[in-house]
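Results of the structural survey
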Amino acid sequence: MSEAASTRTPLGLLPSLAPLLRQWLPEQRWFAGKGYAVGGFSLVSATELLPLNGPGPGLLHLLVRVTQRDVPVRSSADCYQLLIGVRETLPPPMAPALIGHLTDGPLAGRTVYEGTRDPRLAALLLERLRTPGLLGPLRFERFDGAPALPAQLPARPLDAEQSNSSLVYGDAYILKLFRRIHPGPNPDLELPLALARAGCGRVPAPVAWYGTNSPEPFTLGVLQPFLPGSRDGWVLALEALAADRSFQGEARELGRVTAEVHTALADTLPTVKLGGPQTERLAAAMVRRLETAAQSVPALVPYVPRLRAAFDAVATLGGRGRTWAAQRVHGDLHLGQILRGPKDTPWSVIDFEGEPARPLTERCRPQPAVRDVAGMLRSFDYAARTHRPWNPAWAERCRAAYCDGYAEAGGDDPREEPELLRAYETDKAVYEVVYEARHRPDWLPVPMAAIERLAALD
């Protein structure tokens with residue numbers, strides 16, 4: 001198929017799709033605008049990866065900006081990556097992928113559906129990654145040190161993700177498709193690529209990726225080795241709790257892994273020093289998040305003065321001349337982001353995208369490494385809370401072992417910066433309170449227990 005054919009999109013297609021997308025999009029787990037009515041759509045780019053009027057299924061790649069009503073102005077128009085399959089009729093096994101039937105426009109009478117659920121269409125994405133180059137606005141690239149990709153690997157979607165979509169090819173590769181996208185380099189490609197070039201073996205190296213340079217630079221998908229048989233640290237921690245087994249050895253090793261990744265990132269990418277003004281801005285942002293959270297979750301209100309004291313302590317130290325090193329970090333580190341394969345193979349760190357709800361510029365900004373440490377410490381608390389009866393002593397032992405391992409491998413014990421560690425752990429717990437109150441009220445006692453503990457610290 002020529003590039004000219006691949007980029008020819010029928011006029012009027014998006015307006016004819018709009019009524020279906022207006023209903024379908026809010027039902028998708030990766031759609032960030034739940035709770036707000038979809039207003040309209042504007043086309044950023046369109047590429048026919050397979051002809052829409054051909055004999056077989058067509059595949060349309062869209063970047064669509066979605067406007068919503070009653071949303072703060074700064075977030076009222078998000079850009080989404082859509083992969084739309086087109087058929088005359090949808091085979092029964094693919095019925096859950098249905099978006100709808102078009103009644104007007106250039107594809108009137110055709111059926112449109114989520115293309116990643118179609119093995120034939122999913123296989124096409126891997127084929128494009130095997131042959132780097134341009135296809136309309138899309139650019140497909142490969143990592144120089146990666147082996148050649150095999151052809152015709154069977155594709156299947158993963159169902160466990162929320163903010164993105166993933167396709168597994170055979171048992172060899174996994175393609176993460178970013179759904180809500182932002183201009184600029186995505187850290188889930190940028191950081192693993194930098195670590196691979198630095199020879200860090202703790203992170204699966206990107207094999208290939210695709211994105212756009214025009215009209216804006218977007219990272220759209222990253223292909224990495226798949227780790228079959230792997231289980232994440234969350235699952236392994238819950239198994240240890242259920243068996244009343246210590247997890248301290250694993251926690252210590254996780255601390256070592258975190259420190260190794262931080263050291264490699266600091267050696268590979270720029271680092272900065274946070275002085276007084278930067279520290280004050282950091283603390284002020286934490287205070288704003290706390291005050292906003294308290295407006296949403298009244299249970300936080302009694303703790304606000306003591307929690308704010310943790311942030312003010314950091315600002316005060318910065319004002320007195322204290323500085324902290326800042327570097328690129330994982331940004332959303334927890335037990336679910338670290339995998340271990342069968343037979344006690346080494347741990348691998350995944351998902352460097354950071355917290356998807358935060359702006360990309362913030363996620364790409366150098367930050368104190370203790371932010372990742374705080375995220376993992378909170379994760380041990382979460383795991384312990386799933387046990388009946390609650391086992392806070394288990395979490396404390398894991399937290400201590402994790403910090404011990406971090407100090408052994410990195411040379412800096414995060415407990416030696418108690419003010420900064422407390423501030424980041426408090427900020428994370430506040431974020432968790434808002435999340436649980438909105439999405440999982442039954443889990444709200446987990447972060448609230450941390451809020452009570454952190455507020456009681458001197």
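Further up the page is the structure itself.
An account of the accompanying structure is given in this report.

**What to know about the packing of aromatic side chains**
In the structure shown here, the tally under the stated rule is seven aromatic pairs. Where phenylalanine 140 meets tyrosine 210, the ring centres are 5.4 Å apart and the plane angle is 15°; that geometry is what we call stacked. With phenylalanine 140 in strand 7 (residues 138–142) and tyrosine 210 in strand 12 (residues 208–212), the pair connects residues that are 70 residues apart, well separated along the chain. A relative accessible area of 3% means that phenylalanine 140 is categorised as buried.

**Brief notes about the packing of helix 6 (residues 248–268) against helix 11 (residues 392–410)**
Direction vectors running N to C along helix 6 and helix 11 enclose 40°, while the axes themselves pass 6 Å from each other. It follows from the interaxial angle that helix 6 and helix 11 lie oblique. Between helix 6 and helix 11 the crossing geometry is right-handed. Counting all contacts with helix 6, which are made through Gln248, Ala251, Arg252, Leu254, Gly255, Arg256, Thr258, Ala259, Glu260 and His262, the residues of helix 11 involved are Arg397, Cys398, Ala401, Tyr402, Asp404, Gly405, Tyr406, Glu408, Ala409 and Gly410. Here the residues of the contact of helix 6 with helix 11 are counted per class, giving eight nonpolar, six polar and six charged.

**Some thoughts on the sheet that holds strand 14 (residues 231–232)**
In space, the three strands of this open sheet follow the order 14-17-18, with antiparallel pairing throughout. In this open sheet, the two edge strands, each paired with only one partner strand, are strand 14 and strand 18 (347–349). The pairing of strand 17 (residues 338–340) with strand 18 spans three bridges and is classified as antiparallel. The partner of arginine 340 across the bridge, within strand 18, is tryptophan 347. Docked against the sheet, helix 6 engages strand 17 and strand 18, running at close to 45° with respect to strand 18.

**Digging into the sheet that holds strand 10 (residues 173–178)**
Ordered in space as 6-7-12-13-10-9-8, the seven strands form an open sheet in which the pairing is antiparallel. The open sheet terminates on both sides in strands that have one partner only, identified here as strand 6 (133–135) and strand 8 (155–158). For this sheet the average axis-to-axis angle between neighbouring strands, irrespective of direction, equals 20°. Two strands pair when backbone bridges link them, and strand 12 and strand 13 (residues 218–225) are joined in this way by five bridges, in the antiparallel orientation. Across the sheet, residue alanine 208 finds its bridge partner in strand 13, namely leucine 223.

**Regarding helix 8 (residues 304–319)**
Here helix 8 spans 22 Å end to end across 16 residues, near enough to the 22 Å set by a 1.5 Å rise per residue. At alanine 310, helix 8 shows its maximal bend, which comes to roughly 25°. Of the surrounding elements, those touching the buried residues of helix 8 are helix 7 (276–296), strand 16 (324–326), helix 12 (418–439) and helix 13 (445–455). Count one or two residues on from helix 8 and you reach glycine 321, which has phi positive near 105°.

**Points about the environment of arginine 320**
Turning to its location among the elements, arginine 320 is positioned in the loop between helix 8 and strand 16. Residue class for arginine 320 comes out exposed when judged on its relative accessible area of 70%. When the C-alpha atoms of arginine 320 and glycine 275 are compared, they prove to be 9.5 Å apart, with 45 residues separating the residues in sequence.

How each quantity is defined
Residues numbered from 1 in each chain as written. Predicted model: local features only at pLDDT ≥ 70, side-chain atom pairs only at ≥ 80, totals over all residues. Heavy atoms only, no water. Phe/Tyr/Trp six-rings, centres within 6.5 Å; stacked < 30°, edge-to-face > 60°. Helix = DSSP H or I, 4+ residues; strand = E, 2+ residues; numbered from the N terminus. Buried < 20%, exposed > 50% of the residue type's maximum accessible area, 1.4 Å probe, protein only. Axes fitted to C-alpha atoms, helices over the stretch in contact; angles between N-to-C directions. Parallel < 35°, antiparallel > 145°, perpendicular 65-115°, else oblique. Left-handed = near helix turned anticlockwise from the far one by under 90°. Contact = heavy atoms within 4.5 Å. Nonpolar A, V, L, I, M, F, W, Y, C, P; charged D, E, K, R; others polar. Pairing = 2+ DSSP bridges. Expected span 1.5 Å × (residues − 1). Bend = angle between axes of the 7 residues up to and from the residue.

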